[in-house]
Amino acid sequence: MHWIERQWYRPRWWLTALLAPLEGLFALLSAARRLAYRRGWLRAERLDAPVVVVGNINVGGVGKTPLTLALLRDLQQGGVKAGVISRGYGGSHRQPTLVLPDSSPEEVGDEPLLLAAAGAPVVVGRDRVAAGRHLLALNPDVQLILTDDGLQHYRLSRDLEIVVLDGARGGGNGRLLPAGPLREPWSRLGSVGAVVVNGGDAAGLVLPAGPRRFAMRLRPAPLQRLDAPEETRAAADFAGLRLAAMAGIGHPQRFFDTLAGLGLRPELCLAWPDHHQFDAVDLPVGMDAVIVTSKDAVKLRRVIHDAAQRARLWVLPVQAELEPDLSAWILDRLKIKHGR
């Protein structure tokens, strides 16, 4: 998969020609499904609270979860009670499941645990309509539901769609799966409420007319020790140490680039598939410290039991910063009262 992803972001006429018939079939099926919901042949179901979808039109990590975390933070500061529903990719759950602080990532997925740690009620479920109803049954005071991913889950009616784009990679070669990275045509952006451009040249990315544009930057925080998060270090404290970095996220290179921007030069950078289920044997040996993402940390805490190995693991949290204020724009669009 990594090989073909690399081709999607480079002009490869022979690959496009080879995969064109499959791309055409994918485009036909996707368009037919969208048309069926638009015409009412398939019924979208509403929840008893406004729904804001945070999604993407392309495959791979674009920063949806950091954005959702930032929205939860800002909404909480504005006195708005928000909840989250998620597919819980990689989890073994079968029915809608409330995510608790001690939930297993093998059951509920890794990203929902990060979101639940932010203090919001989070429910995972393959059926997002059922997940949303379960969330509201447990938390009837929720004023707004965020869906982490789910742009293409049209059975769930939504009040607002927000699409996240990687500012550096954009839409790649502009082709649909499997010839390119797009799940839906680039023109689909013209029908969403807002586009959030994560990094890169936010102003220079050419978008269809219609959506409000927001710029997002991921700002790294001090590194935290995996087994003692209250212990933090600055990047400069790792000077002279033998470092490794590893990431099981949608776009590992962004994490490695962030480390480089902090002046950290790991001897070894290990890129694992998104949602990789880590094991102790995955840890590189002979290193003084191993730096990982917050998303991977929730799994590593459960599988790394050796005290010496745990002490070598450091987590680099990142926080999304948005310009202008996206949460205030959402609340104004949905006419939800807030304390701002």
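About the cut-offs
Residues numbered from 1 in each chain as written. Predicted model: local features only at pLDDT ≥ 70, side-chain atom pairs only at ≥ 80, totals over all residues. Heavy atoms only, no water. UniProt positions renumbered as here; feature names shortened; annotations may be inferred. Helix = DSSP H or I, 4+ residues; strand = E, 2+ residues; numbered from the N terminus. Pairing = 2+ DSSP bridges. Axes fitted to C-alpha atoms, helices over the stretch in contact; angles between N-to-C directions. Contact = heavy atoms within 4.5 Å. Buried < 20%, exposed > 50% of the residue type's maximum accessible area, 1.4 Å probe, protein only. Phe/Tyr/Trp six-rings, centres within 6.5 Å; stacked < 30°, edge-to-face > 60°. Lys NZ or Arg CZ within 6 Å of the ring centre and 35° of its normal. Salt bridge = Lys/Arg side-chain N within 4 Å of Asp/Glu carboxyl O.

### Considerations on the UniProt feature "transmembrane region" (unreviewed entry) in the chain
- UniProt records the feature "transmembrane region" (unreviewed entry) at residues 12-32, using the numbering of this structure.
- Split by type, residues 12-32 is 95% helix and 0% strand. Its first and last C-alpha atoms lie 28 Å apart.

### Brief notes about the sheet that holds strand S12 (residues 268-271)
- Pairing is mixed in the open sheet, where six strands are placed in the order S10-S9-S14-S13-S11-S12. The sheet is open, and its two edges are formed by strand S10 (228-233) and S12, each paired on a single side. Along the sheet, successive strands turn relative to each other by an average axial angle of 30°, direction set aside.
- Here strand S11 (residues 243-247) runs beside strand S13 (residues 289-293); their pairing, made up of three bridges, is parallel. Note on S13: the bridge partner recorded for Leu-243 is Ala-289.
- Each of S11, S12, S13 and strand S14 (313-316) is contacted by helix H7 (residues 252-261), which is oriented at about 150° to S11, the strand it contacts most.
- Where helix H8 (residues 294-303) meets the sheet, it contacts S10, S11, S13 and S14, and its direction lies at approximately 115° from that of S13.

### Examining the UniProt feature "binding site: ATP" (unreviewed entry) in the chain
- Here, the residues flagged by UniProt with the feature "binding site: ATP" (unreviewed entry) are Asn-58, Val-59, Gly-60, Gly-61, Val-62, Gly-63, Lys-64 and Thr-65.
- Assignment of secondary structure puts Val-62 in the loop between strand S1 (51-55) and helix H3 (64-77).
- Residue Val-62 is classed as buried on the basis of its relative accessible area of 1%.
- Contact partners of Val-62, with chain neighbours within four places excluded, come to Asn-56, Val-164, Leu-165, Asp-166, Asn-198 and Arg-254.
- Following the sequence through the fold, Gly-63 ends up in the loop between S1 and H3.
- Gly-63 sits in the buried class, given a relative accessible area of 10%.
- Beyond its immediate sequence surroundings of up to four residues, Gly-63 is in contact with Val-164, Asn-198, Met-216 and Arg-254.

### A word on the side chain of His-275
- Following the sequence through the fold, His-275 ends up in the loop between S12 and S13.
- Once residues within four sequence positions are removed from consideration, His-275 is found in contact with Tyr-89, Asp-110, Glu-111, Gly-248, Lys-295 and Lys-299.

### Concerning the packing of aromatic side chains
- Per the counting criterion, the structure on display carries five aromatic pairs.
- Each ring, one from Tyr-37 and one from Tyr-154, has its centre 6.1 Å from the other, and the planes form 40°; the classification is tilted. One end of the pair, Tyr-37, is in helix H2 (residues 13-39); the other, Tyr-154, is in the loop between strand S5 (144-148) and strand S6 (160-166), and 117 residues separate them in sequence.
- The ring of Tyr-9 carries Arg-169 above its face, with NZ or CZ at 4.6 Å from the centroid.
- Lying across the ring of Phe-238, Arg-233 places its NZ or CZ 5.7 Å from the centre.

### Remarks on the pattern of salt bridges
- Here the structure, examined in full by the defined rule, presents 23 salt bridges.
- Of the charged contacts, one joins Arg-225 and Asp-227 as a salt bridge, the two residues approaching to 2.6 Å between their closest N and O atoms.
- Linking Arg-225 and Glu-231 is a salt bridge whose minimum nitrogen-to-oxygen distance equals 3.1 Å.
- Overall, Arg-225 belongs to the partly exposed group, its relative accessible area being 22%.

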